[in-house]
Each structure stands twice: as C-alpha cells, then as structure tokens.
Amino acid sequence: MTAFAQTSVIGNVSDVNGDAVIGASILEKGTTNGTVTDINGSFTLNVLQGATLQISYIGYVTQEVPVTGQRISVILLEDMQTLDELVVVGYGVQKKSDITGSVTSVSKDRLEKLPVTNVLQAVQGAAAGVTITQTSSIPGDAPDAYVRGRNSINASSGPYVVVDGVPISKSGGTLNDINPNDIESMEILKDASATAIYGTNGANGVILITTKRGSTGKPVIRYNGYLGIEDFTNKLEFGDGAQILQRYKDYVAQNPGETLFDGFVKNEYESENYKNGVTNDWIDAVTQTGIIQNHNINVSGGAENVKYYVSADYTDQKGIVKGFNYKRYSVRTNIDMNVTDYLTVGTNTYLVSHNRDGGRANFLMAEAMSPYARMYDEDGSYTIHPMYSETLFTNPLMWTTTNPERRQFNMNINGYAEMDFGKVWSSLDGLKYKFNGGYAYMPKRTNVYEGKSVNRNNGYARIFNEETQSYTIENIVSYARDFGLHHLDLTGLYAASRKKYQNATSEAEKFMTDDLEWHNIGSAETHKVGSYTDLYSTISQMGRLNYSYDSRYLFTFTVRRDGSSVFGDDNKYGVFPSVALGWNIARENFMQPANDYLNTLKLRLSYGKAGNEAIGVYQSRVKLESGMLAMNGGSSAALWPNENMGNNELTWETTRTFNIGLDFGLWNNRIDGNVDMYFSTTEDLLLRRNLPKISGYNSVYTNMGETANTGVEVTINSRNITTRDFSWNSSLVFSWNKNEIKDLYGDKKDDLGNRWFIGHPIGVIYDYTKVGIWQEDEIAAGLHENWDPIAEAGDIKLADISGPDGVPDGQINDYDRSIQGQTTPKWIGGLTNTFTYRDFSLSVFIQTVQGVKRNNTLIGIAGDEMGRRNTATEIGYWTPENKSNEWRSLRKNSNKHGYGFPSDASFTRIKDVTLSYNIPQNTIRKAGLEALMLYVSGRNLFTFTDWIGWDPEARQIGRGSSAWDGTRGETVYDSSNYPATKSFVFGLNITF
C-alpha cells in the first residue's frame, strides 16, 4: 500500500539569474503524468512516493530530481548546443552559430500576441529585408510581400512558402490558409546560400513555417480568443449641402452651356431633397462599425511514443463597408508516432473553409454621391441613379440587394516517415532517410445573380467552379557526424510535384423572374458555357554539404537541379549552385581578451544563383483558341491562334546573389543583431514583348533583359533594463534597397510604352512636373502662347524641362515628362519597445516606409469630375475669385496633358500597441487553470504622412478601371475601393 501512495509536490523552476522559467515540462519519470510551469515558474503535481521528476525546457539541460519532500526548487542551466539547434533552414535544422546564409527568425511574441488573420500582418515592418504592404483592408485579403526587392518584371516576385516541409505556394494555397495560432516558428531565407536549396522556387526568398507539435505529458488545453472593433484609420470629410451647392454654381460659371436644375442643384433627383432641406451622408450610409472576432482552442500532449496537437479555429470579420464579410473555419491535426526505436511517422493535416458571401456596397460610388442625391424610390427600393439625370454614377447600396456566393476550401493532407539507420546498426550512426508526402485539394466556387435591383432587367447569372489538385513527394537522405573537431552534414533530395487546375463556367441571361437567382440557370433564354484545364509538374534533385571545424570555420555548398513542364523540351532543366563561408571570429584564441564583452562575432560570405520560372503553363507552346465564329451567314466551330506566340527556346530566369553579413553579440548578448549587404542580378528575364498585329500575334515571351538589387539590412536587439520586476527590451530593423533595370532588349534602350527605364527601378512614376496653376493675368499677358498654347486660366501649369536636343525648348510636349519617383519604398524601418513590470507587459511597435510615390487617384478623379460629383473637402479648386496655385479649376478639361498627380506616399505609423496582464497562478489555481492572460491591442492607431486621401498604403481604384461601377458583382471583391482600417481588440489566452 505504501508503494502506491501519492504525494503532492509543489515546486519552482528558475534559471541561473533567478528568473522564472515559464512553460517548463515537469514529467514523472516512466509515466505520462506531467504538467508545465506557470508564469511564475511554479507547478503542482501529484506523484507516487519515491518518484523522480524529469524537468526540461528548450534551451536548457534536462534535469532529473528525486522527490524527497513536498517542496522542491530547481535551477536549470542553459544548454548552448540545444539553443544553437533551433533554426530551421530547409530540409532540416542547423546550429544558429553554424549558419552561413542570411536567415531571419520572426519573434515568437509577434506570432503569439498580435490579433491578425494572416501571419504576414504580424511580420510587416518587423523583419529586415522583407517588404510587406497591406494594400487592401478588405476582410480576408492578404498582404503583398517581397524579399529583397523585385527581380522579375512581368512575373510575380512573391516569396516561396513552405509549411512543415511541404510547399504551399505551387499547390495554389496561401498564408491565409494557415491559422496564426498554430505557428510555432517562422524563418525567412534571403540570400542565395539559404534559398538555393529550393532552386527554382528560391529566387524571390523563402518563408519557412513550422506549426506546433505535441509533447510528452498530460493533455494541455489552450483557448485563445479576441473580440474587437474596426474603424477608419483616417476618415475623409466630403462636401456638405452648402459646399456642393457652391461647387455646382462655380462649375456652371466655368463651363458655358451647363445649367442648374431649379436654379440651385445640378440634377433632377437632387431637387426634392434640396427643397425639403434633407441631406444624406453617403459615406456613413455605406459604412458601419467593423467587428472582428477569433476563437481558437487546441489540445496537445502525448506519451513516450505518441504526441499530438489538435486545434480548431473560427474567424469572423465584418468589414467597415457594408457587405464585406469574411469567415474562416479551420481544423489542424499534427501527430508524431515512434513506431519503433528507428522509425517515426507523422501527419500534418488541415482543413480550411473561406467564406466571403454577400452583396457589397460600392465605396467608390459613395464618394461621388451628392448629399442631396435620392437614396430610395417611392416603393422603398434603392434608386438606381441617385443623381439622375446624371447616369455616370449608380447607387452604392444597390449591390447589397444581391446575394453572391464566394467560397473556397483547402483540404491538405501531409505525412512523413523518418528512419534512423544508426539505431538499426551503430555503424550507420548519423544516417537518416525521410519521406515527405503532401496532397492538396482546393475547390472554389463563385455564384452570382444580378436582377432588377441592380438595373439588370433581363437578369444575369454566372456559376464559376474551380478546382486545384496537387501533390508533392520528397525523398530526403541526410548524414551527420562529428569527427573530433570536425562536423560533417550531408543532405540529398529527390522530389516531384504535380498540380492540375480546371474550371467550368456557365452564364445565362433573360430570366422570367429574379426569385430563383442562379439556382435554376437553365430557365434562362440564352446561355454560354466554357471550361479550362491545365497541368503543371516539376522534378528536382538537390545536394547540400555543411562542414565546420571547431564551430569556427564554416563551409556550405549546395547544388539543385530543377525540371519544369512550363519550358520547351530542350530547356526544361536548370542547375542552381551556391557556396558560403562563415568565420566565428569570437571563438578564436586571439579574441579571448574580448570575451568579457564580446560573445558573438561571425562573418558570413555567400554567392550563388537561383532560378525562376516566372511564366504560367503552356506559355512556351503555340496554342489555339476554339469557339463559334460567324461564317457564311451562320456560325461554325473554329480554331485560331492564341494572342501569345509560343517560344520553345524559353529558359529560366537566373538570379545571382552575393551576400556579406556580420552577426554580433555584446555584453552577454545584452545587445545582439546582424548586418547584411547584398548584390544581386537577374538575367534572361522572361519578358513579354509586344508584336505588330500583322504577325497574327499580340505578344511573345522571350529571354532577355537584366535587373539588379543592392541593399543593406540591419537588425539590433537590446535588453536595455533587466531586473527581477522590470525589464525593457528593444528591437530595431532597417532595410534599404535599390532596384534597377540594367537592360531590356540588348540595346540598353528604355521601353517608354511600358515605363521601363534603364538605370531605374522596375516600378516608377513617369510624368510631367507640376509648377502651379495658370492664372488669368498670365493668360491675358500671353505667357502661355509658346509654352502651352492650349492652356486656360485654372489649368495645371507644367514645367518645360527638356526638348528634342535634351534642353528646354520653350513648350510643353512629351520631352517634358521625367521620372518623378518609384512605386516601392527606398527604405523601411521598424522599432519595437517592450516593457514588462511583474505580470504586466506593454509592447509598442512603430513602422516607417520612406521614399515611395504613387499617383493620387482621388485628386485626379476629383478634378476631372468635380462639378458632377462630390469629393473630399481636403481637395479644393480654382475660381477667378480664389486664385489657387495648388488646385485646378472646375473646367471639364483643366488637365489637358493627363497629369497623374504623383504624390509622396511615405508614412510613419504606430502600427500596434499591446498591453497584457498575466494573472498570478495563486489567483486562478482554484478555478483549475494553469495560466490566464488578458490583453488589449490596437493596430494602425496613428499615421503621420503628407498623403492626401484615405491612407498612403491603401489601394486606389479609379473610375473606368475593372468593375469600378460594381457591374459583374463577382469581380467587385477584386476591384472595389476599400478604406484602410484600424482595430481595437480585447483578448484572453487560457491554459487548462
């Protein structure tokens, strides 16, 4: 009976500095009975008398402590070797001190404590060398990301994403499919040494994500949830009743032939509201308080041979513009099983559902509405043209009467099996084989019906179904051994992948009733159907050698061979090698006198090349289109050439990169960081060239041209103050990038039509230089006659900067256009300060983006149509009485040369602020809780900028662009204007 008696052990775990070790694993040896330490490093566990506790934590040496009493105190010692093995580098892990490439690890605090729907939102501005832009705040929209600038001109330059060893980029998945709560670590590979292992996929950088796994011990249940509201980051004011009446009056005065209805308003449908003194705030009518919530629950644990992690997540976001909604449901299961001593198998399975249903208000139309415009007809339905007889603008709310479906699913099943041959035969110690397999099935559907409520009196329906199926198979052999002071690590890979995409479309018009919407598409009079299928596949081989001597002298060599189906038969394969050297200078004997203050000093050099397919399937082939054509008074099936001419000689874009880096740590790593400089060139660009119509084709892809990127990256982390009760930590990141086109067509000449200029970035603003507004006295004096003979008072005055001979010629013409700036930032930076006082923590992150210009569409639209629409009060206009030298007149053609209004889009933003409180365990223990954290967080709180508009980062859609007026509702998701948002959330994390 005594042998089976239990006792309750109360203990505390700390490090050598006396600080609590939070989350340390406490396990009764030989059993699955265990727990973890709380925020104070404390634990309580019922064990058998005479038991031994195993106490472990990542980065510390595991200790075994016999239970000799009811209270124990344990001090864990740092395990430097374990700490060095925590960096994922692709197809394995590597000691941090032995890494020769440029790798950035994202802080776990940013992954765990920020309420975001996409993990890139947490990384924005916080990782050196990574430019992330949130151009759209539409619920469910993902940010754009570039690693070390743009390489390609016609192709995407987004990074390659790998989750738990399985790529999701080529399968059609995105980071929107990955629940941020499930992420354990995130690394970004940037230079050729780090990315070459992914060959053709690594040219634009690689993002490696590792999800959470189970651990030995009793089940641990965690709940993370938050609820918050969203609002405008900057809410513009639009003209009220008095302002719009004055604008109409000035518009008529400046445009002969224009008249006012009832002598005051511009349009018939404004008259009634004007007479009754009724005005509508259209921005307020189409917007609402946004609500965002997320609930995640996960269970992890395991026995000696089986470990599991299971999570379920629900995200619901109601946008600030009516009808913009996003719901995501996801389930993940990660299981690891030791089948034998030498064989481990596991699965990484997740299911995700995205729902963006609902008709949406058109924010661009709301901007245009007069406050006197009619909102409803007599029957209570929305007025189609609120400012009739003006028919250019439709009711921004009428699209909320539709009910489109926009749904997407991702079913991803991944598995692995790893065999350790050293546990079968000791002579093979260090030899391992791992099999990775992944299958993804992604169906998507978009169903739309447009009827009388949106001015489609005959009815229109569209059903669009898409489906992507893909698989990835990887065979990985690795061998790692130590021979005295020598360490050798070999990795070999053979992999294959395949993706099949298909879609089917059905469109119909002329329905008898709107009631059935798209549910009975066969009842329409006219129909149109279509379908499409393509197939993409790759085969890859890779070899990597890592060697180190005494962890002082480091060498890495990688070579990868990729084959892709997108190229012609003779050019399918490309070979991409890289080499890197590292020197841990701080470990040299001559550096011993500096050991008191210098902990880390490592020099890194790397050079290599990576490839980029950069084109879609079948672009190298001659393709034919099929359909029905009118012939001989009827219609017949016909084939005709695709607009793009095939080119069987196409081959890989190749990016060569040289990187020099320095890692440092000072004063017991109180200050640490790294500095990197890189130089890269991309050759044999896959450029889409225009062809003369007489050739029968519009364009052809060819290998020509060269781009370059040069940059500097700096990361500095510091522990400014560290005491038992208070700490202050800072993290600073800085990235500068210079992107330029070196050549295009082999003649060192610019491509003016595409706005590509030798010696300048890929994306630039090429326009005139505005110097003011033409005034009446200048026109009367004839100052414009040679300079700009078509100019009138109130028109934009442009600078004469050049002529046919390269010198000013006294007149405005095409020679007076010049590069005004670049569309990507010259440099970005971020500063995080984290303050901790006992159980309270405050984190403040400031982001800055500098040296970027954009054409200001809001100013352009306002000027072109100011007399016919409303506009922001920040934008003024010229009149004979108000002789503005900034704003043009209300004349219909006051911008005769098509000036685009390039404006400085630089900004500095208080990106996020989070205040958290960890409730002491002695307070929550009676409720059976292990940990409870409460927090409040705000994102995009304040923005400092000279930009005029909703936000300098937000995407702008101009009238005349795709779906600007809301027609074809299925495309509104991609094109509609949507203002930038800020959020305030309250959240809690509970551990049971």
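Please refer to the structure higher up on the page.
Calculation rules
- Residues numbered from 1 in each chain as written.
- Predicted model: local features only at pLDDT ≥ 70, side-chain atom pairs only at ≥ 80, totals over all residues.
- Heavy atoms only, no water.
- Pairing = 2+ DSSP bridges.
- Helix = DSSP H or I, 4+ residues; strand = E, 2+ residues; numbered from the N terminus.
- Salt bridge = Lys/Arg side-chain N within 4 Å of Asp/Glu carboxyl O.
- Buried < 20%, exposed > 50% of the residue type's maximum accessible area, 1.4 Å probe, protein only.
- Contact = heavy atoms within 4.5 Å.
- Polar contact = N/O pair within 3.5 Å; in protein donor to acceptor, adjacent residues only side chain to side chain.
- Core = buried A, V, L, I, M, F, W, Y, C linked by side-chain atoms within 4.5 Å.

> Lay out the sheet that holds strand 10 (residues 103–105) with the relevant residues and their values.
Think of a sheet as strands paired side by side through backbone hydrogen bonds, with each pair either parallel or antiparallel. An order of 10-15-16-13-14 is seen for the five strands of this open sheet, with the pairing classed as mixed. Two strands lie at the open edges of the sheet, namely strand 10 and strand 14 (166–167), each paired on one side alone. Here strand 13 (residues 160–163) pairs with strand 16 (residues 206–211) via four bridges, running parallel. Bridge pairing in strand 16 links tyrosine 160 to valine 206.

> Would you mind going over the pattern of salt bridges in detail, with residue names and values included?
Here the structure, examined in full by the defined rule, presents 37 salt bridges. Across the pair arginine 604 and aspartate 663 runs a salt bridge whose closest N-O atoms are separated by 2.9 Å. Here aspartate 663 lies in strand 33 (residues 653–666) and arginine 604 lies in strand 29 (residues 598–612), a separation of 59 residues in the sequence. Of the two residues examined, arginine 604 and aspartate 663, each falls in the buried class. Glutamate 792 is the salt-bridge partner of arginine 891, the closest N and O atoms lying 3.6 Å from each other. Taken together, the residues span a long stretch of sequence, with arginine 891 in the loop between helix 11 (857–865) and strand 46 (902–904) and glutamate 792 in the loop between helix 10 (784–787) and strand 41 (796–798) at a distance of 99 residues. Classification of arginine 891 as buried rests on a relative accessible area of 16%. Overlapping salt bridges bring together Asp357, Glu405, Arg407 and Arg445 as one network.

> How would you summarise the sheet that holds strand 35 (residues 686–690) if you had to cite specific residues and measurements?
Strand order in the open sheet formed by three strands is 32-36-35, with mixed pairing between adjacent strands. Bordering the open sheet on either side are strand 32 (644–645) and strand 35, each of which pairs with just one other strand. Two elements, strand 32 and strand 36 (residues 699–703), share two bridges in a ladder whose sense is parallel. From the neighbouring strand, methionine 645 faces strand 36, where its bridge partner is valine 700.

> How would you explain the environment of glutamate 588 if you had to name every residue and give the values?
Relative to the helices and strands, glutamate 588 resides in the loop between strand 28 (573–584) and strand 29. Residue glutamate 588 is classed as buried on the basis of its relative accessible area, which comes to 5%. Setting aside its immediate chain neighbours within four residues, glutamate 588 contacts Arg552, Tyr553 and Trp583. At 2.5 Å, the side chain of glutamate 588 forms a polar contact with the side chain of tyrosine 553.

> Break down the nonpolar core for me, with residues and values.
Counting 47 residues, the largest nonpolar core has Ile283, Val321, Phe363, Ile875 and Trp950 as its most contacted members. Within the residue set of this core, elements represented by two or more residues are helix 5 (241–254), helix 7 (282–286), helix 8 (363–368), strand 41 and helix 11. Core analysis: the second largest hydrophobic core is formed by 22 residues, Leu111, Ile132, Ile207 and Val352 among them.

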